[in-house]
Amino acid sequence: MPDSRIQSAAQSVAASPTRRRLLAGSAAVATAASLGLLASAPSRAQGSGKRRIKLAWMPSALCHISVPVAMHKGYFDKYDIEADTINWEGSTDLLLQAVSSGDSDVALGMALRWIKPLEAGFDIKLTGATHGGCMNLLAKPQAGLHAFEDIKGKIIGVGDIAGVDRNFFAIALAKRGIDPNKDVEWRQFPKDLLGIAIEKGDADLISTSDPLAYLFKQQHGLVEVVTNISAEYADRSCCIIGVRGSLWRENKAVPIAVTHALVEAAQWSHENPDEAAQVYAQYAPKQKPADLGRMLRSLTNHRHPIGNDFRKEIIDYTEELKTVKVIKPTTDGRRFADRVVVDIT
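Below is a summary of the structure that appears in this document. Owing to the predicted nature of the structure, the values given are computational and were not obtained by experimental measurement.

1. Things to note about the sheet that holds strand S11 (residues 223–227)
Hydrogen bonding along the main chain pairs the strands of a sheet, whether they run parallel or antiparallel.
Argument step 1. Taken together, the 5 strands give an open sheet; going across it, the order is S9-S8-S10-S7-S11, and neighbouring strands pair in mixed fashion. At either end of the open sheet lies a strand with only one pairing partner, and these are strand S9 (185–188) and S11. In this sheet, adjacent strand axes meet at a mean angle of 30° when their direction is disregarded.
Argument step 2. Where strand S7 (residues 136–139) lies against strand S10 (residues 205–208), 3 bridges are found, and the strand directions are antiparallel. Its bridge partner lying in S10, Asn136 is registered against Thr208.
Argument step 3. Across the sheet, helix H6 (residues 164–175) lies against S7, S9, S10 and S11, angled at about 170° from S9, the strand it touches most.

2. Some details on the pattern of salt bridges
Argument step 1. Summed over the entire model, instances satisfying the criterion amount to 23 salt bridges.
Argument step 2. Here Glu82 makes a salt bridge to Arg52, at a shortest N to O gap of 2.7 Å. Residue Glu82 is located in strand S4 (residues 81–88), and its partner Arg52 is located in strand S3 (residues 51–57); the two are separated by 30 residues in the primary sequence.
Argument step 3. Each of Glu149, Lys175, Arg176, Glu232, Arg236 and Glu320 takes part in a single network of salt bridges with overlapping partners.

3. Structural notes on the packing of helix H10 (residues 253–271) against helix H11 (residues 273–280)
Argument step 1. Axis separation between H10 and H11 bottoms out at 5 Å; the angle between their running directions is 120°. Taken together, the residues of H11 that come into contact with H10 (itself represented by Trp268, Ser269, His270 and Glu271) are Pro273, Glu275 and Ala276.
Argument step 2. Partitioning the contact of H10 with H11 into residue classes produces 3 nonpolar, 2 polar and 2 charged.

4. Some points on the nonpolar core
Argument step 1. The biggest cluster of nonpolar side chains holds 100 residues, and the ones touching the most others in it are Leu55, Phe76, Leu126, Ile151 and Leu262.
Argument step 2. When residues of this core are assigned to their parent elements, the largest contribution, 8 residues, is made by H10.
Argument step 3. Two domains each put at least three residues into this core: domain 1 (51–133 + 236–340) and domain 2 (135–227).
Argument step 4. Residues in contact with Leu55, not counting those within four places in the same chain, are Val67, Phe76, Asp84, Thr85, Ile86, Ser104, Val106, Leu108 and Leu262.
Argument step 5. If you look at the next biggest cluster of nonpolar residues, it comprises 12 residues, including Leu138, Phe189, Ile198 and Phe216.

5. Some thoughts on the side chain of His304
Argument step 1. Tracing the sequence through the fold places His304 in the loop between helix H12 (289–296) and helix H13 (307–323).
Argument step 2. One polar contact links His304 to Gln267, side chain to side chain, over a distance of 2.9 Å.
Argument step 3. Only 3.4 Å separates the side chain of His304 from the backbone oxygen of Asn301, close enough to count as a polar contact.

Calculation rules
Residues numbered from 1 in each chain as written. Predicted model: local features only at pLDDT ≥ 70, side-chain atom pairs only at ≥ 80, totals over all residues. Heavy atoms only, no water. Pairing = 2+ DSSP bridges. Helix = DSSP H or I, 4+ residues; strand = E, 2+ residues; numbered from the N terminus. Axes fitted to C-alpha atoms, helices over the stretch in contact; angles between N-to-C directions. Contact = heavy atoms within 4.5 Å. Salt bridge = Lys/Arg side-chain N within 4 Å of Asp/Glu carboxyl O. Nonpolar A, V, L, I, M, F, W, Y, C, P; charged D, E, K, R; others polar. Core = buried A, V, L, I, M, F, W, Y, C linked by side-chain atoms within 4.5 Å. Buried < 20%, exposed > 50% of the residue type's maximum accessible area, 1.4 Å probe, protein only. Domains from an automatic or database assignment. Polar contact = N/O pair within 3.5 Å; in protein donor to acceptor, adjacent residues only side chain to side chain.

This is a description of form; function is not addressed.
Right, here's the structure in full:
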């Protein structure tokens, strides 16, 4: 395996232009086909020996820091990859459909959000993870909440009642004998109004991620109660890399190269959070680079498992999702992981 702690390449590369913003609708893949974007294999970038791929990511998500770092600090260059980025703002199901059908070659997302659709059979292979620690439960300090056990009987505000953070915290509560459907109440609010919800007393805690979490801490004096790297989850990753199944079968070298570029970029971000924040700042013009650096320090960008370590995490998540009735009880976690996880070591 290439050294995941490699120093940044001497020459930074310019950001690949965003091809287009994909629309969240049933016609997304059909539109891509009509535009000739479906591909059976990555092409060589014109005039170079690089392999061109289409990579879907969410620029508004700081936890996708490995993408801009890989573009601007030479990690894609190192592996002869030219990435045409797609700013994805649609649903997870449509994202996975786009990757599975060829509208995108590679995408980043959250394990707990992807496992249920992958159970349904999308042709996507998971190659590794980039980090952990992007889900936060926040509360007023005077509430005296410090651990999962303290949340029993509380109202939790979320941006999506069926979202990944709701699933994660429901699992953590269930492990502690707290019924996530009876012993706590979940209330949905527009995500940018979660801070107001807690100010008005409509919620005891709110669940969100950076940069909103950091903003709410500053604006509303909130403190972190628990995250998805608290307690037994300290070494668990959350954001993962998925590649088009047909690409894996036809040309394994490309997804292997892309994955190594992304995990090395994540490692560099861990070791250089302030410089990584400067790279990301162009995607978050309303945020100060110094604040972005502080946010990056809360992520475990040094946690990017591949191979058997990654497979075990997918098994664990799959089995845990059964406890909150997201995954069918008949689904075997090991067989599922054998189907969707590939070993790039």
